[in-house]
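Each chain, written out:
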Amino acid sequence: MAFTRPAGKHRRTGRAQRTTARAAGVAALTTTGVVGTLAAAPALAAEPVAQQTGLTPVVSMGSAVAERVDAQADAQQQAAELAEAKRAAQEAAREQAAAAARKAREAKERAAREAERKRLNTYVTPISGSYVSTAYRSGGALWSSGSHTGIDFHAASGTAVRAVGSGTVVEAGWAGAYGNQVLIRMVDGTYTQYGHLSSIAVSVGQTVTPGQQIALSGATGNVTGPHLHFEARTSADYGTDIDPLAYLRAHGVNV
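Residues numbered from 1 in each chain as written. Predicted model: local features only at pLDDT ≥ 70, side-chain atom pairs only at ≥ 80, totals over all residues. Heavy atoms only, no water.

1. Some details on the overall build of the chain
Okay, so step 1: Of regular secondary structure, the chain possesses three helices and ten strands.
Okay, so step 2: Its helices and strands taken in sequence order, the chain reads α-α-β-β-β-β-β-β-β-β-β-β-α from the N to the C terminus.
Okay, so step 3: Buried residues in the chain amount to 27% of all 255 residues.
Okay, so step 4: Contacts in the chain between residues at least 24 apart in sequence constitute 59% of all its contacts with a sequence separation of at least 6.
Okay, so step 5: Looking at the chain as shown, the accessible area adds up to about 15500 Å², and 57% of this sits on carbon and sulfur atoms. (Helix = DSSP H or I, 4+ residues; strand = E, 2+ residues; numbered from the N terminus. Buried < 20%, exposed > 50% of the residue type's maximum accessible area, 1.4 Å probe, protein only. Contact = heavy atoms within 4.5 Å. Areas by Shrake-Rupley, 256 points an atom, 1.4 Å probe, with all protein chains shown as cover.)

2. Comments concerning unusual backbone geometry
Okay, so step 1: Located in the positive-phi region is Arg137, a residue other than glycine, with phi close to 70°.
Okay, so step 2: Positionally, Arg137 belongs in the loop between strand 1 (132-134) and strand 2 (151-154).
Okay, so step 3: At His196, a position not held by glycine, the phi torsion is positive, near 65°.
Okay, so step 4: Position of His196 relative to the elements: it lies in strand 6 (residues 191-200).

3. Considerations on the nonpolar core
General note: in soluble globular proteins, nonpolar side chains tend to be found buried as a group.
Okay, so step 1: One finds Val161, Val182, Ile184, Tyr194 and Ile214 to be the most contacted residues of the largest nonpolar core, which totals 26 residues.
Okay, so step 2: Put simply, the parts of the chain that give this core at least two residues each are strand 2, strand 5 (180-186), strand 6, strand 8 (213-217), strand 9 (227-233) and helix 3 (244-250). (Core = buried A, V, L, I, M, F, W, Y, C linked by side-chain atoms within 4.5 Å.)

4. Remarks on the packing of aromatic side chains
Okay, so step 1: Under the definition given, this model contains three aromatic pairs.
Okay, so step 2: An angle of 80° between the planes, with centres 6.0 Å apart, marks the rings of Tyr123 and Tyr247 as edge-to-face. Separated by 124 residues along the polypeptide, Tyr123 in the loop between helix 2 (56-120) and strand 1 and Tyr247 in helix 3 bring together distant segments of the chain. One exposure class covers both Tyr123 and Tyr247, and it is buried. (Phe/Tyr/Trp six-rings, centres within 6.5 Å; stacked < 30°, edge-to-face > 60°.)

5. With respect to the environment of Tyr194
Okay, so step 1: Turning to its location among the elements, Tyr194 is positioned in strand 6.
Okay, so step 2: Put simply, Tyr194 and Phe230 are 36 residues apart on the chain and 4.9 Å apart in space, counted from C-alpha to C-alpha.
Okay, so step 3: Only 3.0 Å separates the side chain of Tyr194 from the side chain of Thr192, close enough to count as a polar contact. (Polar contact = N/O pair within 3.5 Å; in protein donor to acceptor, adjacent residues only side chain to side chain.)

6. Re the pattern of salt bridges
Okay, so step 1: Going through the model one piece at a time under the given rule, you end up with six salt bridges.
Okay, so step 2: Its salt-bridge partner being Glu91, residue Arg94 comes within 2.6 Å of it at the nearest N-O pair. Of this pair, Arg94 and Glu91 both sit in helix 2, three residues apart, which is roughly one turn of the helix.
Okay, so step 3: Given the relative accessible area of 29%, Glu91 is considered partly exposed.
Okay, so step 4: In this structure, Glu114 and Arg117 form a salt bridge, with 2.6 Å as the shortest nitrogen-oxygen distance. A residue pair is termed a helical-turn pair when its members lie 3 or 4 positions apart in one helix, as Glu114 and Arg117 do in helix 2 at three residues.
Okay, so step 5: The class for Glu114 is partly exposed, based on a relative accessible area of 33%.
Okay, so step 6: Classification of Arg117 as partly exposed rests on a relative accessible area of 43%. (Salt bridge = Lys/Arg side-chain N within 4 Å of Asp/Glu carboxyl O.)

See below:
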C-alpha cells in the first residue's frame, strides 16, 4: 500500500519552496531594473521566522534599492544643477569681461579722437624758436602799400617753415614781391600766407596740420635779406590782412 503525503489548504510549504520563491522574486526585480546591485543580498542568508510569508525580505530589499536609486538621482540632479550654475557664472563673467573691454576700448577711442581734435585745433608759430623782426603796419618805401601787411620772423635761409594750424593749401608758387609763397585756407575760414620761401614742400589742394613743414625760408622776391614774411587774412585776396600777432595770440600762440 503506497504512502500518500497529506494534502489540503493548511499544508505548509517546504523550506526549499519558500527559499526558491524568494530567490525568484529577487531575480524578477533584477531583470526589470528595480534592483541593480543585489549580488549578495543579506536577506537570503537567514531564514525568517515561521509566521512570515516570504515576501517581507524581498519588499525590504526593494525599498532599500529604491532609496539608493532615489539618492543617486538626487545626486545627479544636484551635480547637473551645480554644473549649470557654474556654466552660467562663467558665461556671465565672460560677458562682463567683454563689456568692460568694450567700455575701455570706447573710452580709449574717445580720448584719441579728443586728442586729435585738440591737436588739429592747435596753433603754433610758423618758425620754431624765432621772434618778430619787423612789426605789422611798419611804414616805409620798402612796401608798395606804404606799410607792412604782415610780420617778419627772423630766419636764416633753409629754416623749416611750419603751417600755423590745420587747413588746405590754395596757392603754392611764385607771387611777385612775395617771391615763392604758400597760401593756406584755415579750418576757421581765415587765410595765412608764408612768403620769400627758398623752396616749397606742399601743393595746391593738400591738407596740412599744425606744425607740419610746408617750406624752407629764404630771400626770394622783394627783400633785403632772408626771413619769413607771415600774413593773416580774412580772404585769399591781397589787402584783406589782419594783425598777425593778434591772430596767433587769439589762437593760443605765445609769441
